[in-house]
Amino acid sequence: MQFDEVKAQHFSSLSRDPFPHVLIERALQQIAGGDADGAQFRKDVLAAAGWTHSALITFGKYPDQAAAALNRIRLVLQESEDPATILAKLKQSK
């Protein structure tokens with residue numbers, strides 16, 4: 001899967017078109033099958049990519065950290081869409 005680079009300013013901007021981080025999050029939920037499994041997989045992947053904040057903290061509060069974590073995910077998604085592989089590669093790259 002190919003996504004544009006996530007930039008810190010995306011978290012404080014508005015656009016008619018979804019920003020790359022929104023598309024990445026949607027893709028993660030679809031890869032894991034949607035619903036509760038998809039939401040948990042998304043949380044696990046974000047944590048493995050370095051997002052250390054809870055789900056209650058928005059990306060806009062720490063935009064540089066969010067962009068870095070989501071760009072790590074973006075690079076891994078270019079290589080694989082397998083949930084186990086995605087998590088393994090992110091944990092290796094820390």
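The model shown is predicted, which means the values in this text are computed figures rather than measured ones. (Residues numbered from 1 in each chain as written. Predicted model: local features only at pLDDT ≥ 70, side-chain atom pairs only at ≥ 80, totals over all residues. Heavy atoms only, no water.)

J.: Could you clarify how one ought to interpret the pattern of salt bridges in this entry?
T.: The final tally for this structure, using the stated rule, is two salt bridges. Across the salt bridge formed by E25 and R42, the nearest N and O atoms sit 2.6 Å from each other. Linking E25 in helix α1 (residues 20-31) with R42 in helix α2 (residues 35-48), this pair joins segments that are 17 residues apart in sequence. On the accessibility criterion, E25 (14% relative accessible area) is buried. E79 is paired through a salt bridge with K89; the nearest N and O atoms lie 2.8 Å apart. Within this pair, whereas E79 is found in helix α3 (residues 63-79), its partner K89 is found in helix α4 (residues 83-92), the two being separated by ten residues in sequence. Among the residues examined, E79 registers a relative accessible area of 56% and is labelled exposed. (Salt bridge = Lys/Arg side-chain N within 4 Å of Asp/Glu carboxyl O. Helix = DSSP H or I, 4+ residues; strand = E, 2+ residues; numbered from the N terminus. Buried < 20%, exposed > 50% of the residue type's maximum accessible area, 1.4 Å probe, protein only.)

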